[in-house]
Amino acid sequence: EHTEKHQEDEGITWWPVQSLHPILPEEIMDLPTDEDGSLVLSPKFPCTSLIASAIEESDEAYQAAMARRFADYKCVSRIIEKILRRSYQRIAALCANQDIPSASPLVKHAWLAFRYIMRNHIYLFYDRH
């Protein structure tokens, strides 16, 4: 049976993946806060050493579950990175087609809106293939 330690996952941030974490100044207002209202500036993203320490003294079932979850995280992270790269290229191409300079605030707003939707409203992309 899983203990409380297992259910907390050692405070690991599984979503949003690291590539979607707010990094631009305009996205800072979107950061999560602690119980006292202060911003969480550096979440603990899954990495090999972090997962290893989390499952070090756990039962085999939990170790296997965390290993699968970490593998899924790495896969989703890679997919999101590709989506972000392709989306940025597409936004740049659309702006170039419309003769909108890349330094335009419109380009930045489109990029921020896309990242926000990917982070907070991922369900909008369900069944869009």
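This text goes with the structure placed above it.
Below: a short report on this structure. (Residues numbered from 1 in each chain as written. Predicted model: local features only at pLDDT ≥ 70, side-chain atom pairs only at ≥ 80, totals over all residues. Heavy atoms only, no water.)

1. Digging into the side chain of Arg-115
- Inspection of the secondary structure assignment puts Arg-115 in helix α4 (residues 105-120).
- The exposure class of Arg-115 is buried, given its relative accessible area of 5%.
- Once residues within four sequence positions are removed from consideration, Arg-115 is found in contact with Ser-19, Leu-20, His-21, Pro-22, Ile-23, Glu-27 and Leu-84. (Helix = DSSP H or I, 4+ residues; strand = E, 2+ residues; numbered from the N terminus. Buried < 20%, exposed > 50% of the residue type's maximum accessible area, 1.4 Å probe, protein only. Contact = heavy atoms within 4.5 Å.)

2. Considerations on the packing of aromatic side chains
- Under the counting rule described, the total for this entry stands at three aromatic pairs.
- When the ring of Tyr-88 is compared with that of Trp-111, the centres are 5.5 Å apart and the planes differ by 80°; the resulting orientation is edge-to-face. Of this pair, Tyr-88 sits in helix α3 (residues 60-97) while Trp-111 sits in helix α4, and the two are 23 residues apart along the sequence.
- For Tyr-88, a relative accessible area of 49% corresponds to the partly exposed category.
- With a centroid separation of 5.9 Å and an interplanar angle of 75°, the aromatic rings of Phe-114 and Phe-125 are classed as edge-to-face. Of this pair, Phe-114 sits in helix α4 while Phe-125 sits in the segment after α4, and the two are eleven residues apart along the sequence. (Phe/Tyr/Trp six-rings, centres within 6.5 Å; stacked < 30°, edge-to-face > 60°.)

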